[in-house]
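# Working through the structure, step by step
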Amino acid sequence: MDRMVSYIGFAEIQTLLRRIGTARFIAELAKEIEADYRRWSDFQHSPRLASHSATGVIELMPATDGKLFSFKYVNGHPANTASGLLTVTAFGVLAEVCTGYPLLVAEMTVATALRTAAMSALAATYMARSDSRSMAMIGCGAQAEFQAIAFHTLCGIRELRVRDIDPGSMAKVERNLRSVPDLVDLRIVRAETTAAACDGADVITTATADKRNAFILTPSMVRQGMHLNAIGGDCPGKTELDPNILLLPTARIVVEYERQARIEGEIQRLPAGHPVHEFTDVVSGAVTGREHPDEITIFDSVGFALEDHSALRYLLRLLREEGAGTRTIDLVPALRDPRDLFGEVLGEAEVGRQAAVQPPLCATTSS
Ligand SMILES: NC(=O)c1ccc[n+]([C@@H]2O[C@H](COP(=O)([O-])OP(=O)(O)OC[C@H]3O[C@@H](n4cnc5c(N)ncnc54)[C@H](O)[C@@H]3O)[C@@H](O)[C@H]2O)c1
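Here is a short report on the structure shown in this document. (Residues numbered from 1 in each chain as written. Predicted model: local features only at pLDDT ≥ 70, side-chain atom pairs only at ≥ 80, totals over all residues. Heavy atoms only, no water.)

This part takes up the side chain of E266. Along the polypeptide, E266 turns up in the loop between α8 (258–264) and β15 (277–278). Within the buried set, E266 has no salt-bridge partner at all; the shortest N-O distance to an opposite charge, 6.3 Å, is to R269. At a separation of 3.0 Å, a polar atom in the side chain of E266 contacts the main-chain amide nitrogen of L241. Leave out the neighbours within four places in its chain, and E266 touches A230, G233, T239, E240, L241, L246 and D300. (Helix = DSSP H or I, 4+ residues; strand = E, 2+ residues; numbered from the N terminus. Buried < 20%, exposed > 50% of the residue type's maximum accessible area, 1.4 Å probe, protein only. Lys, Arg positive; Asp, Glu negative; His and termini not counted. Salt bridge = Lys/Arg side-chain N within 4 Å of Asp/Glu carboxyl O. Polar contact = N/O pair within 3.5 Å; in protein donor to acceptor, adjacent residues only side chain to side chain. Contact = heavy atoms within 4.5 Å.)

Here it is, written out as structure tokens:
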């Protein structure tokens, strides 16, 4: 039986994205994620395992629905870009539960940007005002263009106000987005300050990277009716919002998974009992994403393993449908006798090595 494991590296995801387009990828993935949040009780939930250091964090994110199991390895090292490295890199594995055999090994640096964008825009379809047309994008690093495409595609955003402390990053986002044919109707404005970017925006996305409790947004930048998509605060001691925003009487906070968000999200800075809603309840209709047009809705996103599970499953389906640059790897041996691992991996070689290193005693004594 062929037990080769499918492999998606940077080259394969590049081929897939160029073939089907980033907007379609994000829109289809958002549907997968939404369907998985709808069947929340099928999944085992646990906060991710995080290993913190002075410079960042390395995390393992497992998820299973009883049929498929997945995990993602992901890091977050905000100072990396200063030495030419990404802040976030990732790879993941999808396996079948019935045998425990891996089906797919995939790069997830790009896939994480895609799934985060899909999740952000999906949440906004439930939480932002439906007439939202303008978004402030605070932080113009690796995630930014994906967020812009997702909000343009799923939420009808037609004006993007970009802001970054690094002018080169703002220029990069503008240049990249202007080269996307689907975005001809997206107006891009570079802002001098975060306050200027937020002034008049319907949605604010914060995607900055700094390992501290930052005050990227303060209450004076936030107006009634706004939707805040806060993705950069995702670790203990790494947040972006002034907690007074979360405490505003008209603020409505939605998180992916409360147990994890209390540790890693913006709400780590609030008292433990402060009310929040989980996204699964919004998707199921148990609670509404937005009660009235004046509410300030806040999606306090840290990234949950279920979203990576959806992404890996979607990637495997795309590979099978599109066959784009399909590669397989011999991660797991295919043995004639599954109990003879030793014999197949080095049985004959080991016999040969022994023979070469130690000639039979009788040969030396007879010479
Ligand atoms: N919630 C999630 O699911 C999720 C997923 C992926 C990444 N993230 C987080 O999102 C953040 C952004 O990720 P990235 O890969 O784009 O990082 P990045 O390092 O590529 O980009 C961060 C950008 O923020 C800018 N910045 C820093 N401080 C700023 C400030 N005060 N004002 C304006 N801009 C500022 C930097 O100049 C940089 O351009 C990170 O904190 C990352 O951990 C969250």
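Sheet strands line up and pair through hydrogen bonds in the backbone, either parallel or antiparallel. Pairing is parallel in the open sheet, where 8 strands are placed in the order β9-β8-β7-β10-β12-β16-β14-β15. Here the strands that pair on one side only, and so sit at the sheet edges, are β9 (187–190) and β15. Bridge count between strand β12 (residues 227–230) and strand β16 (residues 296–300): 4 bridges; the pairing is parallel. Paired with L228 across the bridge in β16 is I298. Here helix α3 (residues 109–127) sits on the sheet and contacts β12, β14 (251–255) and β16; the angle it forms with β16, its principal contact strand, is near 155°. Against the sheet, helix α4 (residues 144–155) contacts β7 (134–138), β8 (159–163), β10 (203–206) and β12, and its axis sits at roughly 165° relative to β7. (Pairing = 2+ DSSP bridges. Axes fitted to C-alpha atoms, helices over the stretch in contact; angles between N-to-C directions.)

What follows deals with the nonpolar core. Grouped together as the largest cluster of nonpolar side chains are 75 residues, with contacts concentrated most on F25, Y37, L104, L177, F279 and L315. Residue contributions to this core peak at 12 residues, all from α3. The residues touching L104, leaving out its near neighbours within four places in the chain, are V5, S6, Y7, I8, G92, V93, L94, L312, L315, L316 and L319. Core analysis: the second largest hydrophobic core is formed by 26 residues, M221, L246, V255 and V276 among them. (Core = buried A, V, L, I, M, F, W, Y, C linked by side-chain atoms within 4.5 Å.)

Right, let's get into empty space enclosed by the protein. Per the counting criterion, the structure on display carries 1 cavity of 30 Å³ or more. In this structure, the largest cavity occupies an estimated 40 Å³ of space. Among the elements of the structure, β11 (213–217) and β13 (239–241) are those that each provide at least two residues to the lining of the largest cavity. (1 Å grid on protein atoms, 1.4 Å probe; cavity = no way out; pocket = protein on both sides within 12 Å on 5 of 7 lines; lining within 4 Å. Points joined across faces, edges and corners; volume = space filled by probe spheres on them.)

As a further point, take the site of the ligand. Around the ligand sit 24 residues in total, of which T87, Q143, D164, T208 and K238 are the nearest. Here a nitrogen atom of the ligand sits 3.5 Å away from a polar atom, N or O, in the main chain of I165. In isolation the ligand has 860 Å² of accessible area, and contact with the protein removes 88% of it. The cavity where the ligand resides is the largest pocket. (Near = heavy atom within 4 Å. Areas by Shrake-Rupley, 256 points an atom, 1.4 Å probe, with all protein chains shown as cover. Sits in = over half its atoms within 2 Å of the grid points.)

The next point concerns the layout of surface pockets. In this structure, the largest pocket spans a volume of roughly 1,100 Å³. As for the largest pocket, its lining consists of 46 residues, of which T87, A207, T208, A209 and D210 are closest to the centre. Contributing elements (two or more residues each) for the lining of the largest pocket: β3 (57–64), β4 (68–76), α3 and β11. Of the residues in the lining of the largest pocket, the class split is 19 nonpolar, 16 polar and 11 charged. For the second largest pocket, the calculated volume is near 720 Å³. Every residue lining the second largest pocket is counted, 24 residues in all, and those nearest its centre are L17, T22, V110, F146 and I149. Taken together, the elements giving at least two residues each to the lining of the second largest pocket come down to α1 (10–20), α2 (22–38), α3, α4 and α5 (167–178). Ranked by residues supplied to the lining of the second largest pocket, first place goes to α1 with 5 residues. Of the residues assigned to the lining of the second largest pocket, the class counts are 14 nonpolar, 7 polar and 3 charged. (Nonpolar A, V, L, I, M, F, W, Y, C, P; charged D, E, K, R; others polar.)

None of the figures reported here should be taken as evidence of function without further support.
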